[in-house]
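Letter by letter, the chains look like this.
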Amino acid sequence: MRGEGKGSTNHWNKARRTWALGALFTVGLAAPALAQPIVGDVLGESVPDQQWNKRYDCHGNFCVWQVTTFLGPCAGAFCENSNLYITDRGGRILVEGGEGLSVGRSTFDVRFIGPRRIEILKSTAGALSRGDMTLPEYIPPDTGVDQVARVVLQRWTLSANGKALTREKDPPLPAWKREKTPASAPPSGTLADTTPRLHEPVSEALLAQARKVCGAERMIPLHHECHGKTCVLVLDTAPGDRNSSCGRPFCPVLVKGDQVRALPLPALTDESPHYFSLTPTAYTFVACDGVRGSEGSHQSISRVRPESMDFVRTEGLHVEGATPYPVREAKSVEAARALAPTVHAYTRLHIPWGRDAWTDAHDLALAWRLSRVGDTLHLRAEVDDDVVVPFTTGTGLHSDHLELLLSPTASGTRKLGVLLAPEGRLLVRRWREQEGGKSKAVEVDLPEATGSWSQGAHGYALDLALPLSLVRGPVPSLFAPWLLLVSDADTAGKQETLMGHTGSLYFWSEYPPTLAEYQRAQARD
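Criteria and cut-off values
- Residues numbered from 1 in each chain as written.
- Predicted model: local features only at pLDDT ≥ 70, side-chain atom pairs only at ≥ 80, totals over all residues.
- Heavy atoms only, no water.
- Helix = DSSP H or I, 4+ residues; strand = E, 2+ residues; numbered from the N terminus.
- Buried < 20%, exposed > 50% of the residue type's maximum accessible area, 1.4 Å probe, protein only.
- Contact = heavy atoms within 4.5 Å.
- Areas by Shrake-Rupley, 256 points an atom, 1.4 Å probe, with all protein chains shown as cover.
- Phe/Tyr/Trp six-rings, centres within 6.5 Å; stacked < 30°, edge-to-face > 60°.
- Lys NZ or Arg CZ within 6 Å of the ring centre and 35° of its normal.
- Arc of directions from axis to C-beta.
- Core = buried A, V, L, I, M, F, W, Y, C linked by side-chain atoms within 4.5 Å.
- Pairing = 2+ DSSP bridges.
- Axes fitted to C-alpha atoms, helices over the stretch in contact; angles between N-to-C directions.

S.K.: Let's hear about the overall build of the chain: which residues, and what values?
M.R.: When helices and strands are tallied, the chain shows 5 helices and 31 strands. Counting all 525 residues of the chain, 51% fall into the buried class. In the chain, of all internal contacts separated by at least 6 residues, the share reaching a separation of at least 24 is 61%. Accessible surface computed for the chain: about 23,800 Å², of which carbon and sulfur atoms make up 51%.

S.K.: Go over the packing of aromatic side chains with me, naming the residues and quoting the values.
M.R.: Summed over the entire model, instances satisfying the criterion amount to 13 aromatic pairs. Taken together, a centroid distance of 5.7 Å and an interplanar angle of 45 degrees make the contact between Phe250 and Phe276 tilted. Separated by 26 residues along the polypeptide, Phe250 in strand β13 (residues 250–256) and Phe276 in strand β15 (residues 274–278) bring together distant segments of the chain. Centre to centre, the rings of Phe311 and Tyr518 are 6.1 Å apart; their planes meet at 75 degrees, and the pair counts as edge-to-face. In this pair, Phe311 is assigned in the loop between β17 (298–302) and β18 (318–319) and Tyr518 in helix α5 (residues 515–524), connecting sequence segments 207 residues apart. Its relative accessible area of 1% is what places Tyr518 among the buried residues. The side chain of Lys54 reaches across the aromatic face of Tyr56, ending 5.4 Å from its centre.

S.K.: I'd like a rundown of α5, residues and numbers included.
M.R.: When we look at burial in α5, the residues that qualify are Leu515, Glu517, Tyr518, Ala521 and Gln522. Angular distribution of buried residues about the axis of α5 spans 160 degrees; they occupy a single face of the element. The outward face of α5, more than 90 degrees from its buried face, is lined by the exposed residues Arg520, Ala523 and Arg524.

S.K.: Any chance you could break down the nonpolar core for me, citing the residues and the numbers?
M.R.: Grouped together as the largest cluster of nonpolar side chains are 69 residues, with contacts concentrated most on Trp368, Leu464 and Trp482. In terms of residue count, the dominant contributor to this core is strand β30 (residues 479–488) (5 residues).

S.K.: Would you mind going over the sheet that holds strand β5 (residues 107–114) in detail, with residue names and values included?
M.R.: Strand order in this open sheet of 4 strands is β5-β6-β9-β10, and the pairing throughout is antiparallel. Looking at the sheet topology across the chains shown, the edges are occupied by β5 and β10 (165–167). When the angles between neighbouring strand axes are averaged without regard to direction, this sheet yields 25 degrees. As defined by bridge partners, strand β6 (residues 117–123) adjoins strand β9 (residues 151–158) across 7 bridges and the pair is classed as antiparallel. Across the sheet, residue Leu121 finds its bridge partner in β9, namely Leu153.

S.K.: Go over helix α2 (residues 204–214), please, and point to the residues and values.
M.R.: For α2, the complete set of buried residues consists of Leu206, Leu207, Ala210, Arg211 and Cys214. Buried positions in α2, seen along its axis, are confined to an arc of 135 degrees and lie on one side of it. Along α2, the residues that are exposed and aim more than 90 degrees away from the buried face are Glu204, Ala205 and Lys212. Contacts from the buried residues of α2 go to β11 (220–227), β12 (230–236), β13 and β14 (259–262). Count one or two residues on from α2 and you reach Gly215, which has phi positive near 70 degrees.

S.K.: A description of the pairing of strand β16 (residues 282–287) should follow, citing residues and the corresponding values.
M.R.: In terms of burial, β16 is a largely internal element, 6 of the 6 residues being buried. The alternating pattern of β16 places Ala282, Thr284 and Val286 and Tyr283, Phe285 and Ala287 on opposite faces, both of which are buried. Pairing of β15 with β16 involves 5 bridges; the strand directions are antiparallel. Counted as the bridge partner of Tyr275 is Val286 from β16. Two successive antiparallel strands, β15 and β16, enclose a turn made up of 3 residues. Pairing of β16 with β17, which is carried by 5 bridges, proceeds in the antiparallel orientation. Note that in β17 the partner of Thr284 across the bridge is Ser300.

Below you can see the structure in the form of structure tokens.
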């Protein structure tokens, strides 16, 4: 069955990993740069010790290559340069990689879209691994949703002799990208003062309790503020105890009446020094656990609700990835759907299979939202498709459909096909299941999964209701792996393209989650 992804069980990485979209992660170079290819050099596909060459596409007299030069060990990892080069058909370099052609460690796609026009897509999420070389993964600030899987599109025109590239004007953004979304407006409110200071006095008794909780008798009060009956006191390392060039230990404590307890920082390691700062919405802590002792892990705690994380609002939010994806809950489908962020797939970077059969977003594009009402999940998917081919007979694989890969148990996965049946009905079938490492094809209808679909001017839309247990399993877990693909079949009987996302669904008890629940998620992660 061609719709099956390779190694489906490998899709279920931990919650802050990604699958189809890779990460832009830039580090300093610890070794002197080796000689880079220059104009006139001839490239050949190879994977030597210090350089990796790959030809991506050719059109007419010209080709585009990726050249990755390895620069030796770099702070326990590896440093490298990776650029695109333009060559003639014989591999002779005409345009050497420069700033405009740098691809770093991003996941990217490059192709000719005309005789001398080149399109480059870059994404800013994920990690790069090749052979026995695994590069350190950039861990972005956790805002509750996937805000790093963002696609950047560039188009270039190559001169007639192939020796010069000119950047074209950026194409218009999709309508949803032009919309203003509350991506930077957390629900906890904002405060004007961002300078750490003692808004409230710190008594000797409180300071003694806080030092005891922090396990450091010499720490000094840096910031103290209260909202209602809840206060936060941040202790700083005493000047004589500061011995790190990158940050130092800070200790935030929560004060409620006579109770003083530590605020957990599960995203940070206890041993690592870090920075502390205030934003209008959050107490922000940044650890020095990045490459070569640089800034790394982040954690932000709400200033107004200090027992909760400082996550973004999801209402009206548009994102391009689903790692993580918070499943918002309400008492009605309409209310829950209004809270759910919308995830978009619309480029070649969102296509794990059948890229060459895809032309543009009019050919195939996907937008979806997932929400919860009680024990039922509700999926709303809107598909741009210039030729809609509904299901008639057979398995349904070679008609337009959705594919869901679910993992309700630790050792088992289920692959579902969501088919566009006659009379606006959805027919949901279980196509494949794996348990204990053994995989088998099945053909079982799932009457407990119901829904409808309708065709419009630009494609179709569907609404699917799934029992929560199909996704989350018999023993409810805090998060569940998720893969959603839309399959395009412009000609009946031929599957052409799969487009979509893998992700991690988070079933927070409340949103934003409490620090205690977030700490449990980090321990599981």
